Each structure stands twice: as structure tokens, then as C-alpha cells.
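Structure at a glance
Residue-level listing of the chains:
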Amino acid sequence: MSSTHQTPVRLVVGAAIVDDLERPTRMLSARRTEPSALAGGWELPGGKVDEGESPLSALHREVLEELGVRIRLGVHVPGPLPGSTWPLGDRFEMLVWLAEVVEGVPAPIEDHDELRWLDLGDLRAVGWLPADLPIVERLGAMFGSPPRS
């Protein structure tokens, strides 16, 4: 008798931090330092939702821990999966919102060694992690930036 045990998917949250929610011209990218498999890749800031925590609370907590800033959230960026999430490998799915900094100056405090503001017309200027790339493409379309090959 065999049984297939499937590990439940864990929810992750991400912030597409722009310079202005109403008239964005730039978006923040963050370069990961760990785990080693992801080190050097660029991503949207954010992280795992803890048990008993709401996704929005987790996003505010993660951005404060990682970048030292408080944010105001804008629209949700819907993903292709049920629940409007984005796939992050087999074990994780991510919810993403637009956001802008309302307090503090972003700094790479935790899990990142560099931050870079990207012009919306040049969102592919960094080497995004493969899982974040479709999200960046969707953001580019939302901002009216043509995809680059």
C-alpha cells in the first residue's frame, strides 16, 4: 500500500515598491544574499507568512525587517494561480502588492546586500530570480513598459 504525501504550499508575500503609487517612475529591486542557491539574484522584497499572521501584516513586517521602512500598499498584482498567487517553485506561492515607502529610507538590512531603483522602462536591468521574472513582466505591462527580450 503506497500513499502519496504532498507538502502543503507555504504562502509568501512580496512588495513591488515604487517611488509613487499614483505616478510611478521607478521600482526597487533587492539582491539576495541567501540561501546560496538564490544568492546574487534580484527579487521583490518580502518573505514568508507566519502561522496565524495575515498576508498584509506579514508584508509590513517583512519589509520593515528587510529594508527598515514602512510602506503604504497599493493594488494587488494578481498572479495566474487560484487565489491570484504567483508560483515560487513547488513549495511556495506569493501574493504581491504595489507599495510605496512612507517612512524611512530603504537599506539592505536583512537577506540582501544591495538595493537598486530601476526605471520602469528598464525593469530587466538586473538579473531577476526566475520565479520573480513573470511578476516583473506583469508589472512592466501594468506600468505600460514593453517587454524586452
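This text goes with the structure placed above it.
About the cut-offs
Residues numbered from 1 in each chain as written. Predicted model: local features only at pLDDT ≥ 70, side-chain atom pairs only at ≥ 80, totals over all residues. Heavy atoms only, no water. Helix = DSSP H or I, 4+ residues; strand = E, 2+ residues; numbered from the N terminus. Rg over C-alpha atoms; globule rule 2.2 N^0.38 Å. Buried < 20%, exposed > 50% of the residue type's maximum accessible area, 1.4 Å probe, protein only. Pairing = 2+ DSSP bridges.

This part covers the overall build of the protein chain. The helix and strand inventory of the protein chain stands at 2 helices and 8 strands. Scaling as 2.2 N^0.38, a compact globule of 149 residues should have a C-alpha radius of gyration of about 15 Å, and the protein chain matches this with 15 Å. In terms of overall dimensions, the protein chain has C-alpha extents of about 60 × 35 × 30 Å along its principal axes. Counting across all 149 residues of the protein chain, residues that qualify as buried make up 39%.

The next subject is the sheet that holds strand 3 (residues 42-43). Taken together, 3 strands build an open sheet; the order of strands is 3-2-8 and the sheet is antiparallel. A single partner strand is all that each edge strand has here, and the edge strands are strand 3 and strand 8 (112-119). Two strands pair when backbone bridges link them, and strand 2 (residues 26-32) and strand 8 are joined in this way by 7 bridges, in the antiparallel orientation. Across the sheet, the residue bridging to leucine 28 is tryptophan 117, located in strand 8.

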